[in-house]
Amino acid sequence: MELRRKAGSGARIPTSSMADIAFLLIVFFMVTTIFKLEQGLAITLPRSTAGEKIPREKVAHIWIDRTGIISIDDLVISVPDIEPMILAKLRENQGLIVSFNTDEQAPYRLVNEAMERLKLANALRVSFTTVPVET
Amino acid sequence: MVGESSMSDVAFLLLVFFIVSTTFPEIGLPMILPSKSGDVKQVKRDNVMQIVTARSGAYFIDIDTEPTPLSELKGIVRQRLTDNDNLILSLETHPDAPYGSMIDALDEVTLAYEELRAAKITREQRISLKMLEIE
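For the structure given in this document, a descriptive report is provided here. Each chain carries its own residue numbering, running from 1 in the direction its sequence is written. Chain labels run from A onward and ligand labels from 1 onward, assigned in the order the entries are written. Side-chain atom pairs in this predicted model are given and counted only at pLDDT of 80 or more, local residue features only at pLDDT of at least 70, and totals for whole chains, interfaces and linings cover all residues. Computation of side-chain values: all heavy atoms of the structure, hydrogens and water removed.

1. Thoughts on the pairing of strand 1 (residues 26-32) of chain B
In step 1: The criterion for strand pairing is that DSSP finds at least two bridges linking the strands in question. Each helix is a run of H or I in the DSSP string that is no shorter than four residues. Each strand is a run of E no shorter than two, and both are numbered from the N terminus. As paired elements, strand 2 (residues 52-54) of chain A and strand 1 of chain B share three bridges and run antiparallel to each other. The residue bridging A:Glu52 from the neighbouring strand is B:Gly28, located in strand 1 of chain B.
In step 2: Bridging between strand 7 (residues 125-129) of chain A and strand 1 of chain B involves five bridges; their strand directions are antiparallel. The partner of A:Val126 across the bridge, within strand 1 of chain B, is B:Met31.

Laid out in structure tokens, this is it:
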């Protein structure tokens, strides 16, 4: 019997466990991934050229649609409820940014009243969400 | 000769994971609200430029009886700012005016400030570059 040695490759590492590792990773990510669920309301955001990126993590969204429905965290609320909800969020996160996702046809009075409540709650960092205009 | 057929599986896994978990940054116009305990300041009438958004969405500057079109707003603000460094812009909006009109005005005003800042920086950079050349 002739023993022939393959030129080049030396020892071979068994790679049969690669499948196990792959499944492990899959299960790990399946279990730990959190998907953003906030749906908000159906609105048409206004357009702007001067918009800046707002860091997502510190943001609470206030949704106001054109008929005047207000919603935070997918809960439909009325104006007086804004203050306690935002106060609670502010307690968790001091650097909270409240972003207004408001329909462009909504009457300005709603945004104004919401801002008055934010001032009472001392949530002073605010942002008006817009759609960037291609220049 | 590692079994390479699973490489495409891992590739698809990573692809699907990133497709599902990718979020785009929010774009918006940031603002800091005044705190409720803030002091009221007295300012000279001459240092204030009033931009009033009427219920129809038209813009009136100071005591003009004719509305100013949106396209001219930025130019006028730039001019007034160049003339008077201490200019305070007062943006007032009728409660029944559409929110989008307020955002358009805020957008133009923000752009006016940004353009003036950019022009100033370019001027100053040119001056300092020239000084380097002489040396």
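2. Quick word on the side chain of A:Asn101
Residue and element names in this part refer to chain A.
In step 1: Within the secondary structure layout, Asn101 lies in strand 6 (residues 97-102).
In step 2: Under this definition, polar contacts are N or O atom pairs within 3.5 Å; protein pairs additionally need one hydrogen-donor-capable and one acceptor-capable atom, and for neighbouring residues in sequence, both atoms have to be side-chain atoms. Within polar-contact distance, the side chain of Asn101 engages the side chain of Thr129 at 3.1 Å.
In step 3: Sequence-distant contacts of Asn101, that is, excluding residues within four places in its chain, are made with Ile43, Leu45, His61, Ile62, Trp63, Ile64 and Thr129. In what follows, a contact means two residues having at least one pair of non-hydrogen atoms within 4.5 Å.

3. Considerations on the nonpolar core
In step 1: Nonpolar cores were defined as sets of buried Ala, Val, Leu, Ile, Met, Phe, Trp, Tyr and Cys residues, with membership established by side-chain atoms within 4.5 Å. The buried label applies to any residue whose accessible area, calculated with a 1.4 Å probe on protein chains only, is under 20% of its type's maximum; exposed applies above 50%, and partly exposed to all values in between. The biggest cluster of nonpolar side chains holds 34 residues, and the ones touching the most others in it are A:Ile82, A:Ile86, A:Phe100, A:Leu118 and A:Phe128.
In step 2: Those elements that provide at least two residues to this core are strand 3 (59-64), strand 4 (70-72), helix 2 (79-92), strand 6, helix 3 (108-121) and strand 7 of chain A together with helix 3 (99-134) of chain B.
In step 3: Looking at which element gives the most residues to this core, the answer is helix 3 of chain A, with seven residues.
In step 4: Those residues in contact with A:Ile86 that lie beyond four places of it in its chain are A:Ile72, A:Leu96, A:Val98, A:Leu118, A:Ala121 and A:Ala123.
In step 5: Among the nonpolar cores identified, the runner-up in size contains 12 residues, and B:Leu73, B:Leu87, B:Ala105 and B:Val109 belong to it.

4. Description of the packing of aromatic side chains
In step 1: Each Phe, Tyr or Trp ring, with Trp reduced to its six-membered ring, pairs with another whose centre is within 6.5 Å; inter-plane angles below 30 degrees give stacked pairs, above 60 give edge-to-face pairs, and intermediate values give tilted ones. Under the counting rule described, the total for this entry stands at five aromatic pairs over all chains.
In step 2: Ring geometry for A:Phe128 and B:Tyr99: centres 6.2 Å apart, planes at 55°, overall tilted. In this pair, A:Phe128 is assigned in strand 7 and B:Tyr99 in helix 3, connecting two distinct chains.
In step 3: With a centroid separation of 5.4 Å and an interplanar angle of 70°, the aromatic rings of B:Phe17 and B:Phe18 are classed as edge-to-face.
In step 4: Cluster of aromatic residues (ring-pair linked, three or more members): A:Phe28, A:Phe29, B:Phe17 and B:Phe18.

5. Digging into the environment of A:Arg66
Residue and element names in this part refer to chain A.
In step 1: Its location among the elements puts Arg66 in the loop between strand 3 and strand 4.
In step 2: By relative accessible area, which is 55% here, Arg66 ends up exposed.
In step 3: Expressed as a C-alpha distance, the spacing of Arg66 and Leu118, which sit 52 residues apart in the sequence, is 20 Å.
In step 4: Dropping the residues within four chain positions of it, Arg66 is found in contact with Asp103, Gln105, Ala106 and Pro107.

6. A look at unusual backbone geometry
Residue and element names in this part refer to chain A.
In step 1: One non-glycine residue with positive phi stands out, namely Asp74, at about 65°.
In step 2: Here Asp74 shows up in the loop between strand 4 and strand 5 (75-77).
In step 3: The phi dihedral of Asn122 is positive, around 65°, even though this residue is not glycine.
In step 4: By the secondary structure assignment, Asn122 is in the loop between helix 3 and strand 7.
In step 5: By relative accessible area, Asn122 is classed as partly exposed at 43%.

Honestly, that's just the spatial picture; any functional story needs more than this.
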